[in-house]
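Take a look at the letters that make up each chain.
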Amino acid sequence: MMEKALRSMRRSCAIAALAKILYNAPDEKIAEKLHVTPAEAFHLSSIGISQLRHPSRSIELGDVSIEADQGALVIDKGLRSLLVDWRMEEMFGTRCPECQIPLEAPFGIGWAPRRGAGRPGRPRRFCSGACRQKAYRRRRRSTLDGKSEEAGVRETPE
């Protein structure tokens with residue numbers, strides 16, 4: 001149902017709307033990926049969200065809203081295939097800051113591929129414990145280097 005409604009829209013508007021809804025992407029990132037200005041990205045996402053609320057599409061999406069339960073959206077195979085076809089995960093998905101490997105899509109707070117699925121708690125920032133440790137060591141090293149530089153610049157009282 002959702003896939004059919006999204007495919008009937010202009011592709012750039014649908015991508016901008018999905019980026020806002022599923023990935024909580026800022027206008028700057030949407031603009032970068034769609035090669036437009038941030039103001040145009042805001043406009044595209046507004047149009048896309050408005051089109052999803054239009055009666056011609058909202059009647060089709062009535063079944064989806066019935067399946068939605070307290071902010072958890074059921075992502076069916078059609079919508080999943082649309083996300084893969086349009087490479088949404090590659091464009092807007094989060095990546096490990098250390099090795100740039102894509103992390104699993106959290107789909108926002110309360111969103112899960114099916115009811116009861118998903119990982120509880122905060123979304124992952126790093127792909128593994130090794131990357132988390134590497135980032136910690138880099139932060140610690142830079143903090144210690146900053147303290148040693150400050151210690152070497154001490155002025156002696158006269």
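Provided above is the structure to which this section pertains.
Residues numbered from 1 in each chain as written. Predicted model: local features only at pLDDT ≥ 70, side-chain atom pairs only at ≥ 80, totals over all residues. Heavy atoms only, no water.

Draft legend 1. Looking closely at the environment of phenylalanine 126. Within the element layout of this structure, phenylalanine 126 appears in the loop between helix H8 (88-92) and helix H9 (129-152). Phenylalanine 126 sits in the buried class, given a relative accessible area of 9%. Through-space distance from the C-alpha of phenylalanine 126 to that of cysteine 99 is 8.7 Å; in sequence the pair is 27 residues apart. When sequence neighbours within four positions are dropped, the list of residues in contact with phenylalanine 126 reads Cys96, Pro97, Glu98, Leu103, Cys131, Arg132 and Ala135. (Helix = DSSP H or I, 4+ residues; strand = E, 2+ residues; numbered from the N terminus. Buried < 20%, exposed > 50% of the residue type's maximum accessible area, 1.4 Å probe, protein only. Contact = heavy atoms within 4.5 Å.)

Draft legend 2. Fine view of the packing of helix H2 (residues 11-23) against helix H3 (residues 27-34). The interhelical angle for the contact between H2 and H3, taken along N-to-C directions, is 145 degrees, at an axis separation of 10 Å. Classified by chirality, the crossing of H3 by H2 is right-handed. Taken together, the residues of H3 that come into contact with H2 (itself represented by Ser12, Ile15, Ala16, Ala19 and Lys20) are Asp27, Ile30 and Leu34. Here the contact of H2 with H3 is composed, by residue class, of five nonpolar, one polar and two charged. (Axes fitted to C-alpha atoms, helices over the stretch in contact; angles between N-to-C directions. Left-handed = near helix turned anticlockwise from the far one by under 90°. Nonpolar A, V, L, I, M, F, W, Y, C, P; charged D, E, K, R; others polar.)

Draft legend 3. Local environment of H3. Taken together, the buried positions of H3 are occupied by Asp27, Ile30, Ala31 and Leu34. Seen along its axis, H3 keeps its buried residues to an arc of 100 degrees; they face one direction. Away from its buried face by more than 90 degrees, H3 exposes Glu28 and Glu32. In the stretch just after H3, histidine 35 is the one whose phi turns positive, near 60 degrees. (Arc of directions from axis to C-beta.)

Draft legend 4. How the structure looks around the environment of arginine 124. Within the element layout of this structure, arginine 124 appears in the loop between H8 and H9. Overall, the relative accessible area of 39% leaves arginine 124 in the partly exposed class. Expressed as a C-alpha distance, the spacing of arginine 124 and leucine 103, which sit 21 residues apart in the sequence, is 7.4 Å. Only 3.3 Å separates the side chain of arginine 124 from the backbone oxygen of phenylalanine 126, close enough to count as a polar contact. A polar contact of 2.7 Å, which involves the side chain of arginine 124, links it to the backbone oxygen of cysteine 127. (Polar contact = N/O pair within 3.5 Å; in protein donor to acceptor, adjacent residues only side chain to side chain.)

Draft legend 5. Spatial organisation of the side chain of glutamate 98. Note that glutamate 98 resides in the loop between H8 and H9. According to the relative accessible area criterion, glutamate 98 is buried, its value standing at 17%. When residues no more than four places from it in sequence are discounted, the contact partners of glutamate 98 are Phe126, Cys131, Lys134, Ala135 and Arg138.

Draft legend 6. Inspection of the nonpolar core at higher detail. Among the nonpolar cores identified, the biggest contains 26 residues, and Leu6, Ile15, Leu18, Ile30, Trp86, Met88 and Phe92 are the most heavily contacted of them. Leave out the neighbours within four places in its chain, and isoleucine 15 touches Leu34, Trp86, Met88, Met91 and Phe92. Cys96, Leu103, Phe126 and Cys131 belong to the second-largest nonpolar core, a separate cluster that totals five residues. (Core = buried A, V, L, I, M, F, W, Y, C linked by side-chain atoms within 4.5 Å.)

Draft legend 7. Quick look at the pattern of salt bridges. Counted under the stated rule, the structure contains six salt bridges. One salt bridge in this structure joins lysine 33 and glutamate 32, with 4.0 Å as the shortest N-O distance. A relative accessible area of 52% places glutamate 32 in the exposed class. One continuous salt-bridge network, built from bridges that share partners, spans Glu3, Arg7 and Asp85. (Salt bridge = Lys/Arg side-chain N within 4 Å of Asp/Glu carboxyl O.)

Draft legend 8. Broad picture of the packing of H3 against helix H4 (residues 38-53). Following both chains from N to C, one finds H3 and H4 inclined at 95 degrees, their axes separated by 8 Å at the closest point. If you check the angle between H3 and H4, you find them roughly perpendicular. Together, Asp27, Glu28, Ile30, Ala31 and Leu34 of H3 and Pro38, Ala41, Phe42, Leu44 and Ser45 of H4 make up the contact between the two elements. Looking at the contact of H3 with H4 residue by residue, the class counts come to seven nonpolar, one polar and two charged. (Parallel < 35°, antiparallel > 145°, perpendicular 65-115°, else oblique.)

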